[in-house]
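Chain by chain, the residues:
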Amino acid sequence: MERLPSVSLRRDPAGPRPSADPEALRRWVVAFCIIRFDLEQGQLVEECFPPDSLPHHQLLLVAFSSFPDSMSHHHLNPNTAHRPSSSSSIHDCIFSFRFPAAAADGGDFIYGYVFNRRRQDERLPRGGEQKSVVILSRSPYSSVFRPLLQILGPLCFDIGPSALGLVASHVAAWPAPAPGAPMDLPIGSAALRVHLPPALYDAAAPFPPANPSVPHGLFHDADLFGSFRGLLLHLWTLWELMLAGEPLLVIAPTPPQCSEAVTALVSLVAPLPFSVDFRPYFTIHDPDFARLNSLGEDEEFPPMVFGVTNLFFLKALRNIPHVVSVGSPGPNTGRALPVASRSASTGIPGRNSRPGKLNLEQLSLNKFSPSGLLNAMKLRREGPLCLMTEHKEAVWSTYTATTKPDTAILNRLIDSPRIEESMSVANNEILRRHFLELTTNFLAPFGPYLRATTPSKGTSPFVDPPPLPPFHADEFLSGLATRGPGKFLSKRMRSNWLELYRSFLEGQNFMPWFHRRRAAAEQEQHRLWRQARMSTDMNKLISKMSEVEIVDSFNAIERHLLAEIQQLGDASEDSALVCQKLKGDLRVVFNVLPKDMQQLLLSNPKRSALLRGDPEPGKHPSVQSSPVAELKFSFLSL
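Residues numbered from 1 in each chain as written. Predicted model: local features only at pLDDT ≥ 70, side-chain atom pairs only at ≥ 80, totals over all residues. Heavy atoms only, no water.

Details of the overall build of the protein
Note the following rule: Where helices and strands are cited, they refer to DSSP runs of H or I of at least four residues and of E of at least two residues respectively, numbered from the N terminus. Exposure is judged per residue with a 1.4 Å probe applied to protein chains only, and the accessible area is read against the type maximum: over 50% gives exposed, under 20% gives buried, and values in between give partly exposed. We call two residues in contact when some of their heavy atoms are within 4.5 Å. Every accessible area reported is derived by Shrake-Rupley at a probe size of 1.4 Å, with residue values counting cover from the shown protein chains alone.
Each helix and strand in the protein was counted, giving 24 helices and 14 strands. The buried share of the protein, reckoned over its 638 residues, is 52%. For the protein, long-range pairs separated by at least 24 residues make up 73% of all intrachain contacts whose partners lie at least 6 apart in sequence. Accessible area of the protein: about 29,700 Å², with a carbon and sulfur share of 53%.

Written out as structure tokens, the structure is:
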């Protein structure tokens, strides 16, 4: 696990006890916990800060999710594992989990980030102990909480539970999260420099993405290459499964490996927000397990993505249609890149003796060699249950992929039996840029339904803008079949590419994304037309209008003016300027109308008040005397 520079967070024992403002803390963190695994009593919550921040049933779920699940022969148990040559050893790892928040707390999800320490020491009772330090948050900010755990975890084992309050006081002093922006978050004598992902459904996020180097979705820091190094040829199939929102079971030997793989899969479809329920680390103690375990063989599995280590899931969830096995067993496999065993089922060649490019020629030969085909057939015949006897990296699915693996991308990756961090970062950047481009091009055909329009030259910006084109799935698919998916995808997809769009439209990712982007386009169109009204020379515009068009313009300007007046309740300086401009435009149009038309318009009391600058009738005196009210009526003066 990568180490951070040393950070001084020690508190002066004689000084005041650090305090954390609860409301400020909750902007980032729900709670900090220390949980101990007791062989006789099970998981015990030793400390929770702030106290009573979670109900008992959720604390219990957190406790069970903070340690390796049972019934996996890959985990190192301090009481059953082989003893190291030294009398003591420490194994640290970091992983994450996710569970639904209580409806009373607003629903959504709580994310757990775990620093787990397994200490083997012959001097301890039963030869060892396990403890976990957990950060719970409503935000999926792994780029923040992973490095924070690397500070908090060792500190808790160094100075005890007081570390929770100490770190909480620093976190509470942080500014509010700024999704989609870089931030410097001071912690002791150092600072965490992070770039937060955009909000899950950020209507202001540009589409297509302007800069591929910054996060455009969740878990931009996930180790995509390290998690799927043994299954690189399958990444494009997994991308399609995630795009379509298919149920997927990810099984790995350890919690860090399975949680990293699940978050890497979620990041694979950026900038598309992943709307399907995903659990980076799922255990049999999760309340949802009983519901899933009771599904009949003829019942359709709900769209969910699980990361598990317990081999019991292979039997309990037999009707899940797609299973992925990743990682490699090891006594201390944390976030560090696993040295994957190469089986013929993965299509990846044996290890190179030194760093170099992936040998794609050998990769293809292994995949299609007689032994490779026989092993693949054997794996398919045995199914995922073969993992009960031996862990292998493989994908079990009847899904027929549309997208072909991009050999040009694979050729750029660096392969080594011991991947250094810089190499891993470079490989992740290559893969992430490719799949960002792939997803962006896949979503491009929806562009005409999400594109804001501006007033054409010489037309009035005061009329209502045209509505965005209506979307009908059948018409969209029919038109797309005629046009094709575009040059970028045409080179990378097989003839059944339209089925991928159909699956996407029917899945759970499409509608939330489409509605949000549609709302963003409508908001942008409103801004553009409002901006056009501010820059219009009304005298020049009405010189080319007929009398009927002038009257229509008066009504339209009046309608926009009244709408802006309503927004003055926020004391918006921008709205005040727009109101002044519209007031002037209204007077310009009014002055060119025939006298009889002017008298007719002034017969309406509210309209007359607008034109004469009188306060609106029926307003309460206290409202008129407020600063906002003064701003509201000042622009109405003649």
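Moving on, there is more to tell.
Regarding the sheet that holds strand β11 (residues 323–325)
Our working definition: In short, DSSP must find at least two bridges between two strands for them to pair. Axes, fitted as lines to C-alpha atoms, cover a helix only where it is in contact. Angles between the N-to-C directions of the axes lie from 0 to 180 degrees.
Ordered in space as β9-β10-β8-β11-β13, the five strands form an open sheet in which the pairing is mixed. Looking at strand neighbours, the two that pair on one side only are β9 (277–279) and β13 (394–396), the edges of this open sheet. Taking each pair of neighbouring strands and ignoring which way they run, the sheet shows an average axis angle of 10 degrees.

Describing the packing of helix α6 (residues 235–244) against helix α16 (residues 497–506)
Here is the rule: Under the grouping applied here, Gly and all other residues not named as nonpolar or charged are polar, the nonpolar ones being Ala, Val, Leu, Ile, Met, Phe, Trp, Tyr, Cys and Pro and the charged ones Asp, Glu, Lys and Arg.
Relative orientation of the contacting elements α6 and α16 amounts to 35 degrees, with a least axis distance of 8 Å. Residues W239, E240, L243 and A244 of α6 form the contact with α16, whose own contacting residues are L500, S503 and F504. Looking at the contact of α6 with α16 residue by residue, the class counts come to five nonpolar, one polar and one charged.

Some points on the confidence of the model for the protein
How we decide: For every residue, the predictor states its confidence as a pLDDT score lying anywhere from 0 to 100.
Confidence in the prediction of the protein, expressed as mean pLDDT, is 81, and 77% of residues score 70 or more. In the model of the protein, helix α23 (residues 621–624) stands out as the element of lowest mean pLDDT, 35, in contrast to α6, which has the highest, 97. Here residues 1–6 is a poorly scored stretch, pLDDT under 50, and it has 13 contacts once near neighbours within four places are set aside; other chains count.

Observations regarding the pairing of strand β10 (residues 304–308)
As a reminder of what qualifies: If the strands point away from the viewer and the path from the first strand over the helix to the second runs clockwise, then the crossover is right-handed.
Counting buried positions over the five residues of β10 gives five, a clear majority of the element. Burial along β10 is two-sided: the face carrying M304, F306 and V308 and the face carrying V305 and G307 are both buried. The sheet contact formed by β9 and β10 spans three bridges and is parallel. Directly across from D277, in β10, lies its bridge partner M304. Once you follow β9 into helix α8 (residues 287–293) and on to β10, the crossover reads as right-handed.

Some points on the pairing of strand β6 (residues 182–187)
Of the two faces of β6, the one holding M183, L185 and I187 is buried and the one holding P182, D184 and P186 is not buried anywhere. Here β6 runs beside strand β7 (residues 190–195); their pairing, made up of six bridges, is antiparallel. Within β7, the position partnered with P186 by the bridge is A191. Here β6 folds back onto β7, and the loop between the two strands holds two residues, one of which, G188, carries a positive phi near 65 degrees.

What about the nonpolar core?
What counts is decided by this rule: Side-chain atoms within 4.5 Å are what join buried Ala, Val, Leu, Ile, Met, Phe, Trp, Tyr and Cys residues into a set we call a nonpolar core. Where each domain begins and ends is defined by an automated method or by a domain database.
Of all hydrophobic cores here, the largest spans 121 residues; its most connected members are W28, F32, L136, F228, W239, F442 and F446. At eight residues, helix α3 (residues 142–159) tops the list of elements feeding residues into this core. Both of domain 1 (20–70 + 89–179) and domain 2 (202–330 + 382–443 + 482–508) provide at least three residues apiece to this core. Those residues in contact with F32, other than ones at most four positions away along the chain, are L25, E47, C48, F49, V134, I135, L152, L164, V167, A168 and V171. Grouped together as the second largest cluster of nonpolar side chains are 21 residues, M538, L541, C579 and L601 included.

Description of the pattern of salt bridges
Close approach of charged atoms allows side chains of opposite charge to pair. Quick reminder of the rule: By definition, a salt bridge exists where a carboxyl oxygen of Asp or Glu is found within 4 Å of a side-chain nitrogen of Lys or Arg.
According to the stated counting rule, one finds 18 salt bridges in the structure shown. A salt bridge links R98 to D277, with the shortest nitrogen-to-oxygen separation between them at 3.2 Å. In this pair, R98 is assigned in strand β3 (residues 88–100) and D277 in strand β9, connecting sequence segments 179 residues apart. For the pair formed by R98 and D277, the shared burial category is buried.

Points about empty space enclosed by the protein
As a reminder, the rule being used: In this analysis, the protein atoms alone were mapped onto a 1 Å grid. Cavities are point sets where a 1.4 Å probe fits without being able to get out; pockets are open sets with protein on both sides within 12 Å along at least five of seven lines; lining residues have an atom within 4 Å of a point. Grid points are joined across faces, edges and corners, and a volume is the space filled by probe spheres set on the points.
Overall, the coordinates contain six cavities of 30 Å³ or more when judged by the stated rule. As for the largest cavity, its lining consists of 14 residues, and the residues nearest its centre are H220, S267, A270, R432 and L436. Among the elements that make up the lining of the largest cavity, the one with the highest residue count is helix α13 (residues 421–443) (four residues). Here the lining of the largest cavity is built from residues that sort into nine nonpolar, four polar and one charged.

Quick notes on the environment of N555
Take N555: it is sitting in helix α19 (residues 547–567). Distance from N555 to V463, taken between C-alpha atoms, is 9.6 Å for residues 92 residues apart in sequence.

Quick notes on the side chain of N427
Relative to the elements of secondary structure, N427 occurs in helix α13. With relative accessibility at 0%, the residue N427 sits in the buried group. Apart from the residues lying within four places of it in its own chain, the contact partners of N427 are F225, L413 and I414.

Comments concerning the packing of aromatic side chains
To keep things clear, this is the line we draw: Stacked, edge-to-face and tilted are the three classes for Phe, Tyr and Trp ring pairs, Trp counted by its six-membered ring, which pair at centre distances within 6.5 Å; planes under 30 degrees apart are stacked, over 60 edge-to-face, the rest tilted.
In the structure shown here, the tally under the stated rule is 35 aromatic pairs. Between F471 and F514, the ring centres sit 4.9 Å apart and the planes meet at 45 degrees, which makes this aromatic pair tilted. With F471 in the loop between α13 and α14 (473–483) and F514 in helix α17 (residues 510–534), the pair connects residues that are 43 residues apart, well separated along the chain. Between W497 and Y501 the ring centres are 6.1 Å apart and the planes differ by 90 degrees, which places this aromatic pair in the edge-to-face class. Taken together, the positions of W497 and Y501, both in helix α16 and four residues apart, correspond to about one turn of that helix. Each member of the pair, W497 as well as Y501, carries the same accessibility label: buried.

Considerations on the state of the cysteines
So the rule is basically this: Sulfur atoms of two cysteines make up a disulfide when they are within 2.5 Å.
For the structure on display, the rule yields zero disulfides. Free of any disulfide, C48 has its nearest neighbouring cysteine sulfur in C33, separated by 3.8 Å. For C48, a relative accessible area of 15% gives the class buried.

Details of unusual backbone geometry
When glycine is set aside, most residues are seen to have a negative phi, and most peptide bonds are trans. Each neighbour pair has its own omega, and for F49 with P50 the value is -5 degrees, a cis peptide bond. Among the structural elements, P50 can be located in the loop between β2 (42–49) and α2 (56–65). Of note in this structure, D52 is not a glycine but carries a positive phi near 60 degrees. You can call D52 exposed: its relative accessible area is 78%. Although it is not a glycine, F219 adopts a positive phi angle of roughly 60 degrees. Here F219 shows up in the loop between β7 and α5 (224–227). Residue classification places F219 among the buried residues on the basis of a relative accessible area of 5%.

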